[in-house]
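Remarks on the overall topology
Listed below, chain by chain, are the residues.
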Amino acid sequence: MAEELRNIHSLFLEKIQKRYGLRPVRMKNPMPERPARGLGLIKMDGNLFESDKFMRVMVLTSGIAFTSRCTRSIFLGPRPELYLPIFSSETILMGEKRAFLVDIHPTVRPARWGELALEPRMLAIRSRYAELVAEPVPLEGKINDIMSPAYIYVHVPPDRDAMALSFFNEYLDLYLEMVDRAVPVAGADRQKSGEDFERYHDTVINHDPAVKLYGKLFGEQGAIERVNDIFFAR
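What counts and what doesn't
- Residues numbered from 1 in each chain as written.
- Predicted model: local features only at pLDDT ≥ 70, side-chain atom pairs only at ≥ 80, totals over all residues.
- Heavy atoms only, no water.
- Helix = DSSP H or I, 4+ residues; strand = E, 2+ residues; numbered from the N terminus.
- Rg over C-alpha atoms; globule rule 2.2 N^0.38 Å.
- Buried < 20%, exposed > 50% of the residue type's maximum accessible area, 1.4 Å probe, protein only.
- Contact = heavy atoms within 4.5 Å.
- Areas by Shrake-Rupley, 256 points an atom, 1.4 Å probe, with all protein chains shown as cover.
- Lys, Arg positive; Asp, Glu negative; His and termini not counted.
- Charge placed at Lys NZ, Arg CZ, Asp CG, Glu CD.
- Phe/Tyr/Trp six-rings, centres within 6.5 Å; stacked < 30°, edge-to-face > 60°.
- Lys NZ or Arg CZ within 6 Å of the ring centre and 35° of its normal.
- Axes fitted to C-alpha atoms, helices over the stretch in contact; angles between N-to-C directions.
- Parallel < 35°, antiparallel > 145°, perpendicular 65-115°, else oblique.
- Left-handed = near helix turned anticlockwise from the far one by under 90°.
- Nonpolar A, V, L, I, M, F, W, Y, C, P; charged D, E, K, R; others polar.
- Pairing = 2+ DSSP bridges.
- Core = buried A, V, L, I, M, F, W, Y, C linked by side-chain atoms within 4.5 Å.
- Salt bridge = Lys/Arg side-chain N within 4 Å of Asp/Glu carboxyl O.

**Points about the overall build of the protein chain**
Along its length, the protein chain carries six helices and seven strands. The secondary structure elements of the protein chain, listed N-terminal to C-terminal, are α-β-β-β-β-β-β-α-α-β-α-α-α. Taking 17 Å as the expected radius of gyration for a compact globule of 234 residues, we find that the protein chain reaches 17 Å, a close match to that expectation. Structurally, the protein chain occupies a C-alpha span of about 50 × 40 × 35 Å along its principal axes. Within the protein chain, the proportion of its 234 residues that are buried is 52%. The contacts in the protein chain between residues at least 6 apart in sequence include a share of 63% that link residues at least 24 apart. If you sum the accessible surface of the protein chain, you get close to 11400 Å²; carbon and sulfur atoms cover 52% of it. Distance between charge centres in the protein chain, computed from 32 positive and 32 negative side chains, equals 3 Å.

**So, the packing of aromatic side chains**
Inspection of the entire model under this criterion finds eleven aromatic pairs. Consider the rings of Phe-231 and Phe-232, whose centres lie 6.3 Å apart with planes at 50°: the pair is tilted. Taking the relative accessible area as the measure of exposure, Phe-231 reaches 16% and is therefore buried. Grouping aromatic residues by their ring pairs yields a cluster made of Phe-75, Phe-197, Tyr-200, Phe-231 and Phe-232. Stacked on the ring of Phe-218, the Lys or Arg Arg-226 has its end atom at 3.8 Å from the ring centre.

**Focus: the environment of Glu-115**
Within the element layout of this structure, Glu-115 appears in helix α2 (residues 110-116). Taking the C-alpha atoms as reference, Glu-115 lies 30 Å from Pro-209; in sequence the two are 94 residues apart.

**Focus: the environment of Asn-228**
Its place among the elements puts Asn-228 in helix α6 (residues 209-232). Measuring from C-alpha to C-alpha, the distance between Asn-228 and Val-204 comes to 9.9 Å, with 24 residues separating the pair along the chain. Asn-228 has contacts with His-201, Ile-205, Ala-233 and Arg-234, leaving out every residue within four places of it along the chain.

**So, the packing of helix α3 (residues 119-127) against helix α4 (residues 161-181)**
Contact geometry of α3 with α4 gives a least axis separation of 10 Å together with a crossing angle of 165°. Our classification of the angle between α3 and α4 gives roughly antiparallel. Both α3 and α4 take part in a crossing whose hand is right-handed. Across from Arg-121, Met-122, Ile-125 and Arg-126 in α3, the residues of α4 making contact are Phe-167, Glu-170, Tyr-171, Leu-174 and Glu-177. Along the lines of polarity and charge, the residues of the contact of α3 with α4 split into five nonpolar, no polar and four charged.

**Considering the pairing of strand β3 (residues 54-64)**
Within β3, ten of the eleven residues are buried, which leaves the element mostly enclosed by the surrounding structure. Relative to β3, strand β2 (residues 42-50) is paired through eight bridges, and the arrangement is antiparallel. The residue of β3 that forms the bridge with Phe-49 is Val-57. Here β2 folds back onto β3, and the loop between the two strands holds three residues.

**A short note on the sheet that holds β3**
Reading across from one edge, β1-β2-β3-β4-β5-β6-β7 is the order of the seven strands in this open sheet, with antiparallel pairing throughout. The open sheet is flanked by β1 (23-25) and β7 (152-155), the only strands paired with a single partner. Ignoring strand direction, the axes of neighbouring strands in this sheet form an average angle of 15°. Sheet topology places strand β5 (residues 86-94) next to strand β6 (residues 97-105); nine bridges connect them, and they run antiparallel. Paired with Thr-91 across the two strands is Phe-100, which belongs to β6.

**Regarding the nonpolar core**
The biggest cluster of nonpolar side chains holds 47 residues, and the ones touching the most others in it are Phe-12, Leu-76, Phe-87, Phe-100, Phe-168 and Tyr-175. Of the residues forming this core, the biggest block, eleven residues, is contributed by α4. Ignoring any residue separated from it by four or fewer positions in sequence, one finds Phe-87 in contact with Ile-74, Phe-75, Leu-76, Val-102, Asp-103, Ile-104, Phe-168, Tyr-171, Leu-172 and Tyr-175. Residues Met-27, Leu-48, Tyr-151 and Ile-205 belong to the second largest nonpolar core, which totals 31 residues.

**Topic: the pattern of salt bridges**
All chains considered together, the criterion is met by 18 salt bridges. Note that Glu-4 and Arg-6 form a salt bridge whose closest N and O atoms lie 2.5 Å from each other. Residues Arg-109 and Glu-195 are paired through a salt bridge, measuring 3.0 Å at the closest nitrogen-oxygen approach. On the criterion of sequence distance, the pair formed by Arg-109 in the loop between β6 and α2 and Glu-195 in helix α5 (residues 188-207) is long-range, its members being 86 residues apart. Judged by its relative accessible area of 35%, Glu-195 falls in the partly exposed class. One continuous salt-bridge network, built from bridges that share partners, spans Arg-23, Glu-50, Asp-52 and Arg-79.

As structure tokens, then:
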């Protein structure tokens, strides 16, 4: 398959589907959807999965119907009892606007984040991609609170697609190694895991730009219902 960002979903699923025995999840609002508030011009399509390790594995394409313009989203949410951070990526392919974001969100408190020792390894990977990170895209607002110091959100011309996919796979491999080693926590750590997960949930619900967009398309209640289903298994 061509190393192009438009293929990121297929490349991602090919990598992890057998590794984790992904099981399809039925959405409360089945896709594809064309929200009436979008006058049928916006199309959302994707799939949810779960596994023994993951509460949610999500691939979602949001775009303009009948065109190739879209945003491709990827989300990996481990089961809360593993007390692990979240993997997230956005690929924006809207004509001349081509942008790419990937991060392992430190959705756990600093002590747990430090214990996992991800950040130094992420920064080491990032340091090898000077050309890829040369054109950063600003990320504004409180959503920055869930981003790691090693996240990237960059403009990606077509000739850097392969480079972006290489970076994506390095972060993904690092993340999956951690997931494979993880075992459920107990006692005080289990309580901390629940508290940290709720803090992350509240930040997303209240500050993620995607939730605001969903609100315009589905209304406030419809947006929260979809985000809880897609990302948080609620």
